[in-house]
Amino acid sequence: MAPGPAASRPWFAFSLDLAPAAASRHLHGLPPVPDFPEGELAEALDVDVVYDVHVPNWGGRVARLVDAPGHHVTGRLRPVDAGSWPVLARLETALALANEERPVRVRTASGAVVEAHAFTPAARNPSTQGPVSEAFLITLAVAAERARLPAAVVEKLQAEARIVHAVQHARPDGHRTQTPNKPGIK
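Residues numbered from 1 in each chain as written. Predicted model: local features only at pLDDT ≥ 70, side-chain atom pairs only at ≥ 80, totals over all residues. Heavy atoms only, no water.

Notes on the packing of aromatic side chains
Step number 1: The full count for this structure, using the stated rule, is 5 aromatic pairs.
Step number 2: Measuring from ring centre to ring centre gives 6.4 Å for Y51 and F136, while their planes differ by 75°; the resulting arrangement is edge-to-face. Linking Y51 in strand β2 (residues 40-55) with F136 in helix α2 (residues 134-146), this pair joins segments that are 85 residues apart in sequence. Take Y51 and F136: they sit in the same class, and that class is buried.
Step number 3: Each member of the aromatic cluster is reached from another via a ring pair, and the members are Y51, W58 and F136.
Step number 4: Over the aromatic face of W85 sits the side chain of R9, whose NZ or CZ is 4.1 Å from the ring centroid. (Phe/Tyr/Trp six-rings, centres within 6.5 Å; stacked < 30°, edge-to-face > 60°. Helix = DSSP H or I, 4+ residues; strand = E, 2+ residues; numbered from the N terminus. Buried < 20%, exposed > 50% of the residue type's maximum accessible area, 1.4 Å probe, protein only. Lys NZ or Arg CZ within 6 Å of the ring centre and 35° of its normal.)

In structure tokens:
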């Protein structure tokens, strides 16, 4: 008897993993990006992101998924073949040191609530010291747009990138440096 199809695992993509190729402009030497299914629009429940993990490749702090009752994070729910899970784990680590796998409750577009897994940077030595990575924020907005997340989500990510730039480049005299015209930020 021939073996049946390999079981799949539900994966919630919410960060650069929405469109990993978007990170290739900034990160060199990424492992090959497999063709993952598009999946469906979904939101992880009772979680949020904080920017408290410094990742040298991004030159600042990047997003980490944390428990946050009543909050939600928009992304895509994708079925991943169990045999591809190690490849996915290596990709997530290369993208943003997202080497911790955590369970999340996810509500799909149809309203069903399912258990899934997401990758996030580990909470080792979290800190709010140092800059948030502008390059990461810009790439995240591009990845969200490429993954066809709702326009409001993409616009919020673009606004966050502009705000972080303005705050981090404010001069002591109260003037701000000019916001650069960067792809992905409108």
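Some points on the nonpolar core
Step number 1: Counting residues in each nonpolar core, the largest one holds 39 residues, and the members touching the most others are W11, W58 and F136.
Step number 2: Among the elements of the structure, β1 (8-13), β2, β3 (60-81), α1 (85-96), α2 and α3 (151-168) are those that each provide at least two residues to this core.
Step number 3: Non-local contacts of W11, meaning those with residues more than four positions away in its chain, are made with D17, F36, R76, L77, R78, V80, W85, L88, E92, H117 and F119.
Step number 4: A44, L65, V104 and A118 belong to the second largest nonpolar core, which has 12 residues in total. (Core = buried A, V, L, I, M, F, W, Y, C linked by side-chain atoms within 4.5 Å. Contact = heavy atoms within 4.5 Å.)

Here's the deal with the environment of Q158
Step number 1: With respect to the secondary-structure elements, Q158 resides in helix α3.
Step number 2: Residue Q158 is classed as buried on the basis of its relative accessible area of 5%.
Step number 3: Along the backbone, Q158 and L137 are 21 residues apart, and their C-alpha atoms lie at a distance of 7.7 Å.

A word on the pattern of salt bridges
Step number 1: Applying the stated criterion to the full structure yields 8 salt bridges.
Step number 2: Ionic pairing is found between R107 and E43, a salt bridge with its closest N-O pair at 2.6 Å. Here E43 lies in strand β2 and R107 lies in strand β4 (residues 100-108), a separation of 64 residues in the sequence.
Step number 3: Among the salt bridges present, the one from R64 reaches D52, with a minimum N-O distance of 2.6 Å. Residue R64 is located in strand β3, and its partner D52 is located in strand β2; the two are separated by 12 residues in the primary sequence.
Step number 4: By sharing partners, the salt bridges in this structure join E38, R76 and R148 into a single network. (Salt bridge = Lys/Arg side-chain N within 4 Å of Asp/Glu carboxyl O.)

Some thoughts on the side chain of H165
Step number 1: Its place among the elements puts H165 in helix α3.
Step number 2: By relative accessible area, H165 is classed as buried at 6%.
Step number 3: Within the structure, the side chain of H165 is placed 2.7 Å from the side chain of E134, a separation counted as a polar contact. (Polar contact = N/O pair within 3.5 Å; in protein donor to acceptor, adjacent residues only side chain to side chain.)

What to know about the pairing of β3
Step number 1: By the bridge criterion, 6 bridges tie β1 to β3 in an arrangement that is antiparallel. Counterpart to S8 in the pairing with β3 is D81.
Step number 2: Pairing of β2 with β3 involves 14 bridges; the strand directions are antiparallel. Directly across from V47, in β3, lies its bridge partner D67.
Step number 3: Counting the residues in the hairpin turn of β2 and β3 gives 4 residues, including G59, whose phi is positive at 65°. (Pairing = 2+ DSSP bridges.)

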